[in-house]
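Coordinates in review
Below, each chain spelled out in residue letters.
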Amino acid sequence: MIDVNPLRPLILAAAESPRLKRALTGIPVTADIVRRFVAGETRIDLIGVARTLLNSGRMVSVDFLGENTTDRNQADATVAEYLSLINDLAALDRPALPGIAVPPVEVSVKLSALGQALPVDGPAIATENLRILCTKAAQADVWVTVDAEDHTTTAATLATVRELRGEFPWLGAVLQAYLHRTETDCRELAGPGSRIRLCKGAYREPPEVAFQRASEVTDSYLRCLEVLMRGEGYPMVASHDPVPIAAAADLAAESGRGPDRFEYQMLYGIRDAEQLRLAAAGSAVRVYVPYGSQWYGYLTRRLAERPANLAFFLRALVSK
Ligand code: FDA
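Let me sum up the structure you'll find in this document. (Residues numbered from 1 in each chain as written. Predicted model: local features only at pLDDT ≥ 70, side-chain atom pairs only at ≥ 80, totals over all residues. Heavy atoms only, no water.)

The next subject is the environment of Met 236. Note that Met 236 resides in strand E6 (residues 234-238). Taking the C-alpha atoms as reference, Met 236 lies 8.8 Å from Val 174; in sequence the two are 62 residues apart. In this structure, Met 236 is in contact with Glu 106, Thr 145, Arg 195, Ile 196, Arg 197, Leu 198, Glu 263 and Gln 265, ignoring residues within four places of it in sequence. (Helix = DSSP H or I, 4+ residues; strand = E, 2+ residues; numbered from the N terminus. Contact = heavy atoms within 4.5 Å.)

Written as structure tokens, this is what we have:
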């Protein structure tokens, strides 16, 4: 059985074309295909969505969309937006979740949006900017988790997280199961208090560094999951795939992990009924919610994961 999605690399490669980007970013954020995955363009849109999710028994992790900035001013503007976002999220009511004491609001952040790709001192600038966000988040009882981007950034991103975890032990990181290195990273990062969000991985990566077949990626995910669930940290099981979701439940039962010691995570707009089912069963469920006008990269990654979404996208493009 061939288990490679042939459209995935094609969509991810096409997405890098500036012409396509110009054409597609003309689609309004209100178009159904964008709205399905993105909470809206403004913080006001986002706060409305976050409030609804919290009232439904789910937790949230909010991403202010943007990545790969090569402009210092833009990185600073991103920091300013995150600081306002943390303020607004901290002001939301937090409905009680039985048996779950972790902060129900979190922000997710890409270091490339905080300046990691700047030509001079990028990683140091991104680290400093992340420190500013974490300081504010600690005062507001809001968690922060650092997203994983393409493999060329993995080492620098994990170095930043390691550096700041001394000051902010609750700072989370994302690991991508498709990378060959990740099982080792999981072993190193499964210690007490370590918060790791395990996902499959969404970028176009070469075979030298990443598994290419869906079955290999799922197998790697399961191996990594076992390391994290048997470890002493706080695993965040970020997947919509029923196989890892069931495996996490089994591992939690085996190792006596209650709902306050790991959580399921899914993306806004994907498998909503499953999110609600898990939350109703008493599990901790967090929804990753993006907002902002820079939705192009995020949306093309969602399309590449499920080519059936492409038809919706093309319809939106034709009718724009
Ligand atoms: P898989 O792709 O096998 O999907 C399983 C099922 O889920 C599909 O059959 C379908 O039903 C549904 N589904 C999945 N994707 C869908 C879509 N786009 N549209 C509609 N249905 C869909 N990646 C990364 O590289 N860096 C990161 O920092 C993050 N962060 C992150 C946070 C969270 C909370 C999640 C859930 C995911 C990420 N990802 C990510 C994305 C991740 O790497 C991966 O690309 C997607 O989650 C899809 O993989 P699944 O594990 O869901 O399995």
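Under the criterion given, the structure shown has zero disulfides. Lacking any disulfide linkage, Cys 134 is separated from the closest cysteine sulfur, that of Cys 199, by 19 Å. On the basis of relative accessible area, Cys 134 is assigned to the buried category, the value being 0%. Sulfur of Cys 199: no disulfide; nearest cysteine sulfur belongs to Cys 224 and is 10 Å away. (Disulfide = S-S within 2.5 Å. Buried < 20%, exposed > 50% of the residue type's maximum accessible area, 1.4 Å probe, protein only.)

Looking at the element boundaries, Ser 283 is found in the loop between helix H11 (272-280) and strand E8 (285-291). Its relative accessible area of 19% is what places Ser 283 among the buried residues. Beyond its immediate chain neighbours, meaning those up to four positions away, Ser 283 contacts Ile 100, Pro 259, Tyr 264 and Leu 278.

On to the sheet that holds strand E3 (residues 143-146), then. Taken in spatial order, the eight strands of this closed barrel run E1-E2-E3-E4-E5-E6-E7-E8, and their pairing is parallel. In this sheet, adjacent strand axes meet at a mean angle of 30° when their direction is disregarded. Pairing between strand E4 (residues 172-176) and strand E5 (residues 195-199): five bridges, direction parallel. In the strand pairing of E5, Val 174 is matched with Arg 197. Along the sheet face, helix H4 (residues 43-55) touches strand E1 (59-64), strand E2 (105-109) and E8 and points at about 165° away from the line of E8. Here H11 sits on the sheet and contacts strand E7 (263-267) and E8; the angle it forms with E7, its principal contact strand, is near 160°. (Pairing = 2+ DSSP bridges. Axes fitted to C-alpha atoms, helices over the stretch in contact; angles between N-to-C directions.)

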